[in-house]
Structures are given as structure tokens and as C-alpha cells.
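An overview of the molecular structure
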Amino acid sequence: DIEYHMFGPRYTKSNDLNNAVPKQTIRCYLLMGSSFVRVSSVPAGHICAIYNLEGLQLKNVTICDTMNCMPLRGFDFGLQPLVKVNVEPVLASDTEILERGLLKLSL
């Protein structure tokens, strides 16, 4: 387990006295096919899974092992999704529940 700083999207170095940066102990896992391999660091460009972020109340977070970090911010180039999927409930009565779940995922 390694302790990392969690930078929210609005963090700026100029007001770091007002923005307390939480530190949290997490575990990193590389995704290797259908298995997870526990690692101490993840190389750039690799997909990983992170354990122990349940208590963090941020939609976007930049994780770094030092305080000398600037958070990654979102960008909008007007890109369209590469994959489109149709989803429908097994029972027609579950349509409203499915819609609420998909809405939560899209936020």
C-alpha cells in the first residue's frame, strides 16, 4: 500500500493553503487480460484499477505521490464516442430503473 495525494480538478498551487490536498493509502493493479496484477506504480499509458477510493467525493481526481503536481483537467474537442451500445431491460417494467441507472452513469 502506498500513500498518494489526491488533487481535485479545481486545485491550483497558488491557493494550496486554502485547498487541503487529502492523502490516502491506495493499491494499484495493472489489468492483464482477465486478471489483476498488484503493482507499486503504473507506467504512463497503461490501464489500471485502484482500490480504496470509496471515501473520496470527487468526480475527477489526479493521483500523485508528490505535492509537486497539477491536476489534469478535462477537455472538449467535440469528439464523438467510438462505441455505441444499445441497452434494454429484460422486463419492460424495469425500464424506469434502467433509465435512472444510466443517468447516474452519464453524470
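What about the overall build of the protein?
Secondary structure assignment for the protein yields one helix and five strands. In the protein, the succession of helices and strands from N to C terminus is β-β-β-β-β-α. Within the protein, the proportion of its 107 residues that are buried is 15%. Intrachain contacts of the protein at a sequence separation of at least 6 include 51% that bridge at least 24 residues.

Points about the environment of Pro71
Considering the arrangement of structural elements, one finds Pro71 in the loop between strand 5 (62–64) and helix 1 (95–106). Between the C-alpha atom of Pro71 and that of Pro9, which follows or precedes it by 62 residues, the distance is 5.8 Å. Among all residues touching Pro71, those that are not within four sequence positions of it are Phe7, Gly8, Pro9, Tyr11 and Thr62.

Quick look at the packing of aromatic side chains
Going through the model one piece at a time under the given rule, you end up with one aromatic pair. With a centroid separation of 6.5 Å and 90 degrees between ring planes, the pair formed by Tyr29 and Phe36 is classed as edge-to-face. Residue classification places Phe36 among the exposed residues on the basis of a relative accessible area of 54%.

Digging into the pattern of salt bridges
One pass over the full model with this rule turns up two salt bridges. Here Glu3 and Lys23 are joined by a salt bridge, their closest N and O atoms 3.2 Å apart. One end of the pair, Glu3, is in strand 1 (residues 2–7); the other, Lys23, is in strand 2 (residues 23–32), with 20 residues separating them in the sequence. Taking the relative accessible area as the measure of exposure, Lys23 reaches 49% and is therefore partly exposed. For the salt bridge of Glu96 with Arg100, the shortest nitrogen-to-oxygen distance reads 3.9 Å. Of this pair, Glu96 and Arg100 both sit in helix 1, four residues apart, which is roughly one turn of the helix.

Digging into the pairing of strand 1
The pairing of strand 1 with strand 2 spans four bridges and is antiparallel. Bridge pairing in strand 2 links Ile2 to Ile26.

Focus on the confidence of the model for the protein
Interpretation of this model should avoid reading the predicted coordinates in detail wherever pLDDT is low. Counting all residues, the mean pLDDT for the protein is 79, and 80% of those residues have values of 70 or more. Confidence, expressed as mean pLDDT per element, reaches its minimum in the protein at strand 1 with 81 and its maximum at strand 3 (residues 35–39) with 89.

Here we look at a nonpolar patch on the surface
Together, Val85, Val87, Leu102 and Leu105 make up a nonpolar patch on the protein surface, roughly 410 Å² of accessible area in all. You can see Val85 is positioned in the loop between strand 5 and helix 1.

Brief notes about helix 1
An ideal rise of 1.5 Å per residue puts 16 Å on 12 residues; helix 1 measures up with 17 Å between its terminal C-alpha atoms. Of all 12 residues in helix 1, zero are buried, a share of ten percent or less.

What counts, and at which threshold
- Along every chain, residues carry numbers that run from 1 in the direction the sequence is written.
- Totals for whole chains, interfaces and linings use every residue, but because this is a predicted model, local features are given only for residues with pLDDT of at least 70 and side-chain atom pairs only at 80 or more, for both listing and counting.
- The basis for every side-chain value is the complete set of heavy atoms in the structure, and neither hydrogens nor water enter the calculation.
- Elements are defined by DSSP. Helices are runs of H or I of four residues or more, strands are runs of E of two residues or more, and each kind is numbered from the N terminus.
- Each residue's exposure class comes from its accessible area (1.4 Å probe, protein chains only) as a fraction of the maximum for that residue type: buried when under 20%, exposed when over 50%, partly exposed otherwise.
- When checking whether two residues touch, look at their non-hydrogen atoms; a contact exists if any pair is within 4.5 Å.
- Two aromatic rings, drawn from Phe, Tyr or Trp (for Trp, its six-membered ring), form a pair once their centres lie within 6.5 Å of each other, and the interplanar angle then sorts them: stacked below 30 degrees, edge-to-face above 60, tilted otherwise.
- Any Lys or Arg side-chain nitrogen found within 4 Å of a carboxyl oxygen on Asp or Glu counts as a salt bridge.
- At least two DSSP bridges between two strands are needed for those strands to be called paired.
- Per residue, pLDDT captures the predictor's confidence, and it can take any value from 0 to 100.
- Residues qualify for a patch when their relative accessible area is over 30% and they have no salt bridge, like charges being joined within 9 Å and the nonpolar side chains of Val, Leu, Ile, Met, Phe, Trp and Tyr within 5 Å.
- Residue burial considers only the protein chains on display, and all accessible areas are found by Shrake-Rupley using a 1.4 Å probe.
- One less than the residue count of a helix, multiplied by 1.5 Å, gives the span that helix is expected to have.

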